Amino acid sequence: MEFMSVRDTASLWNISERRVQKFCEDSRVESVLRFGRSWVIPKDAKKPVDPRKVRIKERGKQHD
(Lines give C-alpha, C1' and ligand atoms only; values in the text may rest on other atoms or scores of the structure.)
Protein backbone atom coordinates (compact mmCIF):
# COMPACT_ATOMS: atom_id res chain seq x y z
CA MET A 1 0.00 0.00 0.00
CA GLU A 2 1.29 3.45 -0.85
CA PHE A 3 1.00 6.35 1.57
CA MET A 4 1.21 10.13 1.46
CA SER A 5 1.95 12.80 4.03
CA VAL A 6 -0.50 15.16 5.69
CA ARG A 7 0.89 17.97 3.52
CA ASP A 8 0.33 16.02 0.30
CA THR A 9 -3.16 14.98 1.40
CA ALA A 10 -4.10 18.55 2.30
CA SER A 11 -3.01 19.72 -1.13
CA LEU A 12 -4.89 16.92 -2.89
CA TRP A 13 -8.09 17.45 -0.90
CA ASN A 14 -7.79 21.25 -1.01
CA ILE A 15 -8.04 21.66 2.78
CA SER A 16 -5.62 22.69 5.53
CA GLU A 17 -3.03 20.37 7.01
CA ARG A 18 -4.64 20.84 10.41
CA ARG A 19 -8.01 19.69 9.03
CA VAL A 20 -6.39 16.50 7.67
CA GLN A 21 -4.78 15.91 11.08
CA LYS A 22 -8.16 16.36 12.77
CA PHE A 23 -9.80 13.88 10.40
CA CYS A 24 -7.05 11.38 11.29
CA GLU A 25 -7.36 12.03 15.04
CA ASP A 26 -11.13 11.51 14.86
CA SER A 27 -10.69 8.22 12.90
CA ARG A 28 -12.55 9.65 9.92
CA VAL A 29 -9.96 8.40 7.41
CA GLU A 30 -9.58 4.65 6.98
CA SER A 31 -6.23 2.88 7.36
CA VAL A 32 -4.22 5.89 8.56
CA LEU A 33 -1.08 5.16 10.52
CA ARG A 34 0.64 7.22 13.16
CA PHE A 35 4.42 7.36 13.38
CA GLY A 36 5.41 9.34 16.44
CA ARG A 37 3.75 12.70 15.91
CA SER A 38 3.14 12.24 12.17
CA TRP A 39 0.29 10.67 10.21
CA VAL A 40 0.52 8.80 6.93
CA ILE A 41 -2.59 8.46 4.78
CA PRO A 42 -3.18 5.81 2.10
CA LYS A 43 -3.02 7.26 -1.42
CA ASP A 44 -6.46 5.83 -2.21
CA ALA A 45 -8.14 7.31 0.92
CA LYS A 46 -11.35 9.22 0.32
CA LYS A 47 -11.88 12.69 1.73
CA PRO A 48 -14.43 12.51 4.58
CA VAL A 49 -17.44 14.78 4.60
CA ASP A 50 -16.71 17.83 6.73
CA PRO A 51 -19.36 17.85 9.50
CA ARG A 52 -19.03 21.62 9.87
CA LYS A 53 -20.38 22.13 6.34
CA VAL A 54 -23.28 19.74 6.92
CA ARG A 55 -24.41 21.78 9.93
CA ILE A 56 -24.18 25.03 7.97
CA LYS A 57 -26.37 23.58 5.21
CA GLU A 58 -28.89 22.37 7.79
CA ARG A 59 -29.06 25.84 9.35
CA GLY A 60 -29.57 27.40 5.93
CA LYS A 61 -32.53 25.11 5.23
CA GLN A 62 -34.19 26.10 8.51
CA HIS A 63 -34.27 29.73 7.41
CA ASP A 64 -35.81 29.02 3.98
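Above this text you will find the structure in question.
Residues numbered from 1 in each chain as written. Predicted model: local features only at pLDDT ≥ 70, side-chain atom pairs only at ≥ 80, totals over all residues. Heavy atoms only, no water.

> Whenever I open this one, unusual backbone geometry confuses me. Can you help?
Generally, phi is negative for residues other than glycine and the peptide bonds are trans, each holding for most cases. For Asn-14, which is not glycine, the phi dihedral falls at a positive 60 degrees. Inspection of the secondary structure puts Asn-14 in the loop between helix H1 (6-13) and helix H2 (17-25). Residues other than glycine seldom take positive phi values, yet Ser-31 does so here, at roughly 65 degrees. (Helix = DSSP H or I, 4+ residues; strand = E, 2+ residues; numbered from the N terminus.)

> Which parts of the structure should I look at to understand the environment of Val-32?
Mapping Val-32 onto the fold places it in the loop between H2 and strand E2 (33-35). The exposure class assigned to Val-32 is buried, which follows from its relative accessible area of 18%. Here the alpha-carbon distance between Val-32 and Phe-3, two residues 29 residues apart in the chain, equals 8.7 Å. (Buried < 20%, exposed > 50% of the residue type's maximum accessible area, 1.4 Å probe, protein only.)

That is the geometry; function is a separate question.
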